[in-house]
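# Coordinate analysis (summary)
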Amino acid sequence: MGGKHFGAWRRVAGVSVGGALALAFGGASAADNAALAACDGPFATVLQANVAADARAYWLNRQLIKWPDADAAGGAFKLYHSASASLHATPGTRVSGADGSLALARFDSALPANLAQRFKFVGNGAVLSLASADTARLGGLLTQQLMLVHEAEDGTVRDATTLQIAGVLDDLYASAANARDLGVSVGKQSSFKLWAPTAKRVALCTYANGSDKATAITTMQRDDATGIWSARLDGNRSGQYYQYLVDVVAPSAGLVRNLVTDPYSISLTTDSKRSYIADLNAANLKPAGWDKTPAPKKIASQSDMTVYELHVRDFSINDSTVSAANRGKYTAFTEADTNGMKHLAALSKAGMTDIHLLPVFDIGSVPEQGCVTPAIPAGLPADSEGQQALVSKTQATDCYNWGYDPYHYNAPEGSYATDPADGAKRIVEFRQMVQALHKTGLRVGMDVVYNHTFIAGQNEKSVLDRVVPGYYHRLNPKGAVERSTCCDNTATENLMMAKLMIDSVEQWAVQYKIDSFRFDLMGHQPRAAMEQLQARADRATGRHINLIGEGWNFGEVADGARFVQASQLSLNGSGIGTFSDRARDAVRGGGAGDSGLQMITQQGYINGLVYDANAQAGARPASDLLQASDLVKVGLAGSIRSYPLQTHDGKTQQLQDIVYGGNQPAGYASEPGEVVNYVENHDNQTLYDINAFKLPRATTSAERAQVQMLGAAINAFSQGVAYFHAGFDILRSKSLDRNSFESGDWFNRLDWTYQDNYYGTGVPREEDNGKDYALVKPLLRDAAIKPSPKDIAYARDAFRDLLAIRSSSTLFRLRSAADIKQRLRFHNTGSGQVPTVIVAHIDGAGYAGANFKSITYLINVDKIAQRVTVAEEKNRHYQLHPVHTSMASADKRVALEARYDAASGTFAIPPRSAVVFVEKK
């Protein structure tokens with residue numbers, strides 16, 4: 001189909017299929033029907049092919065261009081343009097296919113400060129300037145193919161490149177960031193707005209439903225000030241669907257016609273083929289009582305958060321008490337009498353505050369209709385490769401993925417809806433899920449992934465890059481998309497990508513009553529964008545929206561290479577929380593990337609480091625255990641930078657002066673709400689599985705459950721946000737899988753009947769685990785490692801006891817760094833300590849919500865009972881925490897064996913136990 005048909009859109013605008021046919025028989029051109037047919041055509045059509053070229057030059061703003069490594073000596077620089085994308089620039093020949101060119105002057109002054117800062121990562125090279133008169137033409141020129149050429153004196157090409165255009169688009173169209181109505185708006189009319197400043201033409205295709213052919217095509221009008229295209233249709237079109245046809249120059253292909261969904265889609269039809277028209281405020285999209293169901297008021301401070309990280313499908317797919325039609329769906333949460341919901345209700349009663357859902361926005365990896373679940377035959381051996389082979393065989397078409405592959409940020413995922421073909425269903429059912437959790441006393445958080453998209457370029461499931469090619473993604477020095485996050489990295493330093501992220505969070509918080517957000521690889525976002533997001537979300541909702549995320553520092557943005565990151569060391573003072581690997585690694589042993597024998601030899605604080613070495617660990621110096629103990633205390637103190645701690649060498653240091661990982665400060669947070677403490681989440685092996693590697697093989701299953709609860713206790717007693725992986729409390733195993741993101745239901749199951757933790761259900765997927773099969777198989781064959789139902793029940797109840805203890809007093813959830821420094825003291829420190837015992841005292845005098853005059857807790861990770869004498873704790877009126885002495889207490893050893901002697905200040909505690917003593921007011 002040729003480009004000439006695009007011109008017919010204006011004549012066929014708003015005409016129905018029937019009307020278009022009538023026009024055709026009445027003498028209308030065939031181009032009218034061809035234009036409408038394009039709405040049902042391929043997702044991309046090349047109108048003028050061109051060879052992909054690199055983009056080594058940076059268009060900084062409307063005036064300035066920088067070309068790193070360009071030889072500025074001699075010749076001339078020109079910017080060539082071609083409306084038909086016919087440019088060719090081969091060294092040694094003259095440019096061909098151009099409609100014209102702009103002469104560029106060399107710019108020898110210093111860059112303006114804002115540009116120097118934004119583009120500080122760009123290498124040295126020629127800086128070029130457009131004439132002031134030419135900048136007025138840029139709006140039109142940016143819709144064409146552009147080529148920056150360095151010509152020799154004879155006019156032949158010395159070098160040529162295309163340009164990275166984010167800077168100039170942000171300068172020219174800055175006012176677009178103020179638009180509050182991108183996407184679809186429905187009232188007496190239905191309006192559509194799309195930011196596509198480099199598009200040559202844009203049209204709106206509308207459909208009566210999600211499967212029939214287009215009913216109309218409407219030419220959209222461009223606003224030259226913002227680059228936003230808009231169209232209005234008469235009447236309320238709610239329940240219908242739409243797509244855009246965008247003619248645009250794509251660097252990878254030439255001039256293309258993209259049939260594409262809306263980046264601001266609020267819902268879609270099956271497999272995200274078409275965007276849905278609706279008003280999220282419409283009554284038919286709200287469950288009964290939606291507007292009157294409040295979020296639980298469990299959080300006064302971010303450090304009050306105690307989080308349970310849960311995957312929607314994991315929650316119910318294996319729960320036979322859930323109606324078959326609702327298993328794996330949003331609606332499973334509406335069945336209050338199921339095993340799964342009873343489990344969540346019990347957690348809520350014990351003190352859990354938040355459920356954090358793994359990604360529930362529209363994702364690209366799971367077929368929303370016709371997905372398959374492989375049938376795993378019963379009776380395969382514990383170390384069989386058969387289970388993983390069947391899972392791997394169908395992984396591209398099965399029903400499972402964690403969901404870190406964003407397709408449309410603002411729409412609920414369809415595979416979790418009972419009918420993905422109906423755009424309304426996923427909206428209503430998502431809200432029903434949130435409503436059900438709120439009624440259970442649990443706030444709802446979303447795991448969001450704004451740091452990358454599922455795919456980019458001209459791929460079918462690319463959305464952003466097919467609307468504004470080359471803008472939304474972060475590019476390397478040659479113009480290729482950076483992929484340090486495993487997928488195609490977005491560039492939230494660019495104005496409209498940051499806007500998309502902020503608009504999206506606001507929508508989820510307002511329209512779906514989301515209480516908190518967990519940002520995947522948040523260190524790839526600018527701190528400034530995250531702070532803008534925080535302010536907008538709080539303002540829009542009239543409440544504080546809690547923000548936490550992964551603050552890892554790596555990739556092309558590492559160490560502030562492009563901007564001040566939203567990373568661990570750069571967020572202090574922001575109030576935004578980041579996950580801490582400090583205590584995590586000390587507790588578990590080793591690091592997240594360990595493989596081979598490291599998984600066995602690198603024991604941690606709770607699983608035997610020095611004091612209970614496994615057969616392969618070898619001799620480790622006592623200092624290793626002491627250093628691990630110091631790092632555990634760092635976590636217990638909220639990783640507060642300025643908190644003073646006496647370390648194992650007898651020195652008293654601020655936590656920021658204690659070294660972690662060879663070159664990082666152990667303490668990095670300014671306030672406790674800025675740290676998220678965890679020992680297990682969806683990534684890497686579960687704690688039970690990593691302990692299968694590290695604990696001595698002779699460790700009984702009952703003792704393994706006790707070790708698991710040591711990890712829970714350290715997390716529960718740590719200042720800051722406490723974060724737990726779903727199933728942690730029931731000894732969840734993934735059969736030693738280190739990366740279960742597409743390991744299917746089989747390796748991600750949860751058993752709410754508490755009979756099985758699914759250890760020893762086959763070797764995990766070969767792709768991520770095969771190199772370690774020689775280590776994995778003997779462990780899986782060892783039936784003694786697998787817990788009994790009694791072990792699982794113990795862990796379940798002991799975990800709830802720990803939640804109840806944490807929620808019983810704000811002393812476990814101190815509000816500020818000043819409070820922590822004033823009230824928290826560690827005993828049993830320095831060179832003479834009992835290294836397997838943590839002793840901490842928290843003063844509750846005059847503290848709101850403390851409920852006790854003081855608290856002293858002890859954590860004994862050793863396999864033997866311990867006695868610790870603390871002179872400062874003499875003559876107190878301690879008694880065991882009421883949870884310990886309750887008839888329902890899970891760990892009966894504590895009430896029977898834990899003791900405090902006031903005369904000497906001596907505490908006696910059982911092996912592998914966490915004990916809390918309190919002084920009542």
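Residues numbered from 1 in each chain as written. Predicted model: local features only at pLDDT ≥ 70, side-chain atom pairs only at ≥ 80, totals over all residues. Heavy atoms only, no water.

### Things to note about the overall build of the chain
A tally of regular secondary structure across the chain gives 26 helices and 42 strands. A compact globule built from 921 residues would reach a C-alpha radius of gyration of about 29 Å, and the chain, at 30 Å, matches this within 12%. Once the C-alpha set of the chain is aligned to its principal axes, its extents read approximately 100 × 65 × 55 Å. Considering only contacts in the chain between residues 6 or more positions apart, those separated by 24 or more positions represent 75%. As presented, the chain carries roughly 31300 Å² of accessible surface, and 51% of it is formed by carbon and sulfur atoms. (Helix = DSSP H or I, 4+ residues; strand = E, 2+ residues; numbered from the N terminus. Rg over C-alpha atoms; globule rule 2.2 N^0.38 Å. Contact = heavy atoms within 4.5 Å. Areas by Shrake-Rupley, 256 points an atom, 1.4 Å probe, with all protein chains shown as cover.)

### Considering helix α18 (residues 687-694)
Where burial is concerned, most of α18 is hidden: 8 out of the 8 residues are buried. Among the residues making up α18, those that are buried are L687, Y688, D689, I690, N691, A692, F693 and K694. As for α18, its buried residues are in contact with α15 (582-588), α16 (598-601), α19 (701-717) and α22 (773-781). (Buried < 20%, exposed > 50% of the residue type's maximum accessible area, 1.4 Å probe, protein only.)

### Remarks on the pattern of salt bridges
As enumerated under the stated definition, the model contains 49 salt bridges in all. Close ionic contact of R518 with D447 constitutes a salt bridge, the shortest N to O distance being 3.1 Å. Of the two residues, R518 is situated in strand β26 (residues 516-519) and D447 in strand β23 (residues 443-448); the sequence distance between them amounts to 71 residues. In terms of burial, R518 and D447 fall into one category: buried. R518 is the partner of E550 in a salt bridge, and the nearest nitrogen-oxygen pair spans 3.4 Å. Taken together, the residues span a long stretch of sequence, with E550 in the loop between β27 (546-549) and β28 (577-579) and R518 in strand β26 at a distance of 32 residues. Through salt bridges that share partners, R180, K499, D503, E506 and R536 make up one connected network. (Salt bridge = Lys/Arg side-chain N within 4 Å of Asp/Glu carboxyl O.)

### Structural notes on the confidence of the model for the chain
Per-residue confidence for the chain gives a mean pLDDT of 95; residues scoring 70 or more make up 97%. In the model, residues 1-28 has pLDDT below 50 throughout and makes 50 contacts with residues more than four positions away in sequence or in other chains. (pLDDT = per-residue confidence, 0-100.)

### Remarks on the state of the cysteines
Enumeration according to the criterion identifies 2 disulfides in this entry. In this model, C39 is linked to C205 through a disulfide, with the two sulfur atoms separated by 2.0 Å. Because the torsion about its S-S bond is -75 degrees, the bridge between C39 and C205 counts as left-handed. In this pair, C39 is assigned in the loop between α3 (30-37) and β1 (44-49) and C205 in strand β12 (residues 199-207), connecting sequence segments 166 residues apart. The buried category is assigned to C39, whose relative accessible area is 1%. (Disulfide = S-S within 2.5 Å.)

### Remarks on the sheet that holds β23
Spatial strand order, β19-β20-β23-β26-β27-β28-β33-β34: 8 strands in a closed barrel with parallel pairing. On average, each strand axis in the sheet is inclined to that of its neighbour by 30 degrees, with strand direction left out of account. Relative to β28, β27 runs parallel, the two sharing 2 bridges. Across the sheet, residue I548 finds its bridge partner in β28, namely G577. Where helix α11 (residues 423-439) meets the sheet, it contacts β20 (354-357) and β23, and its direction lies at approximately 135 degrees from that of β23. The strands touched by helix α13 (residues 495-511) within the sheet are β23 and β26, with β26 carrying the most contacts at an inclination of about 145 degrees. (Pairing = 2+ DSSP bridges. Axes fitted to C-alpha atoms, helices over the stretch in contact; angles between N-to-C directions.)

### Points about the nonpolar core
A general trend in soluble globular proteins is that nonpolar side chains are found buried together. In this structure, W59, F333, L344, F517, F519, F717 and Y857 are the most contacted members of the largest nonpolar core, which totals 226 residues. With residues near it in sequence (within four places) discarded, F717 still touches L636, L802, I805, F812, Y857, I859, A914 and V916. In terms of nonpolar packing, the next biggest core, distinct from the first, is built from 14 residues, V868, V870, Y878 and V894 among them. (Core = buried A, V, L, I, M, F, W, Y, C linked by side-chain atoms within 4.5 Å.)

### Points about the sheet that holds strand β35 (residues 824-827)
Here 5 strands make up an open sheet; going across it, the order is β35-β36-β37-β42-β39 and the pairing antiparallel. Looking along the sheet, the strands with just one partner apiece sit at the ends: β35 and β39 (879-880). Alignment of strand β36 (residues 837-843) against strand β37 (residues 854-860), held across 7 bridges, turns out to be antiparallel. Paired with D843 across the strands is S854, a residue of β37. Packing against the sheet, helix α17 (residues 622-636) makes contact with β35, β36 and β37, and its axis sits at approximately 25 degrees to β36.

### Topic: the environment of D737
Along the polypeptide, D737 turns up in the loop between β34 (721-725) and α20 (744-747). Contacts of D737, omitting those with residues within four sequence positions, involve N684, Q685, D689, S743, F747, P764, R765 and N769. A distance of 2.9 Å separates the side chain of D737 from the backbone nitrogen of N739, its partner in a polar contact. (Polar contact = N/O pair within 3.5 Å; in protein donor to acceptor, adjacent residues only side chain to side chain.)

### Structural notes on the packing of α19 against helix α23 (residues 789-808)
Contact geometry of α19 with α23 gives a least axis separation of 10 Å together with a crossing angle of 15 degrees. Relative to α23, α19 is oriented roughly parallel. Viewed along their axes, α19 and α23 form a crossing whose handedness is right-handed. On α23, the residues that touch S701, A702, A705, Q706, M709, A712, A713, N715, A716 and F717 of α19 are D791, Y794, A795, A798, F799, L802, I805 and R806. (Parallel < 35°, antiparallel > 145°, perpendicular 65-115°, else oblique. Left-handed = near helix turned anticlockwise from the far one by under 90°.)

### Here's the deal with the packing of aromatic side chains
The geometry of two aromatic rings is summed up by the distance between their centres and the angle between their planes. Evaluated as defined, the whole model comprises 38 aromatic pairs. Their ring planes at 85 degrees and their centres at 4.9 Å tell us that F724 and F799 sit as a pair that is edge-to-face. Here the residue F724 occupies a position in strand β34, and F799 occupies one in helix α23, the gap between them amounting to 75 residues. By the burial criterion, F724 is buried, and F799 matches it. An aromatic cluster is present here, built from Y330, Y416, F430, W508 and Y512 joined pairwise through their rings. Taking the ring centre of Y207 as reference, the NZ or CZ of R274 above it sits at 3.8 Å. (Phe/Tyr/Trp six-rings, centres within 6.5 Å; stacked < 30°, edge-to-face > 60°. Lys NZ or Arg CZ within 6 Å of the ring centre and 35° of its normal.)

### A short note on unusual backbone geometry
Here S639, not a glycine, exhibits a phi torsion of approximately 55 degrees, which is positive. Inspection of the secondary structure assignment puts S639 in the loop between α17 and β29 (644-646). At R912, a position not held by glycine, the phi torsion is positive, near 45 degrees. Secondary-structure assignment places R912 in the loop between β41 (906-909) and β42 (913-919).

### Structural notes on the side chain of S303
Position of S303 among the secondary structure elements: in the loop between β18 (275-276) and β19 (306-310). Within the structure, S303 has its side chain in polar contact with the backbone oxygen of L814 (distance 3.2 Å).

### Looking at the environment of F430
Among the structural elements, F430 can be located in helix α11. What makes F430 buried here is its relative accessible area of 0%. C-alpha separation for the pair F430 and E413, spaced 17 residues apart in sequence, amounts to 9.0 Å. Apart from the residues within four sequence positions on either side, F430 is in contact with Y330, V360, P412, M446, W508, Y512 and I514.

### Topic: the packing of helix α9 (residues 339-350) against α23
Where α9 contacts α23, the axes come no closer than 8 Å and their chain directions differ by 35 degrees. Judged by residue contacts, H343, A346, L347 and A350 of α9 engage R796, F799, R800, L803, A804 and S807 from α23. The residue inventory of the contact of α9 with α23, partitioned by class, reads 6 nonpolar, 2 polar and 2 charged. (Nonpolar A, V, L, I, M, F, W, Y, C, P; charged D, E, K, R; others polar.)

### Examining the environment of N489
You can see N489 is positioned in strand β25 (residues 488-489). As a C-alpha pair, N489 and H524 span 35 residues in sequence and 8.6 Å in three-dimensional space. Residues within four places of N489 in sequence aside, it is in contact with N451, H452, H473, R474, V481, E482, R483, S484, H524 and E556. A polar contact is formed between the side chain of N489 and the side chain of T485, at a distance of 2.6 Å. Reaching out from N489, the side chain makes a polar contact with the side chain of E556 at a distance of 2.9 Å.

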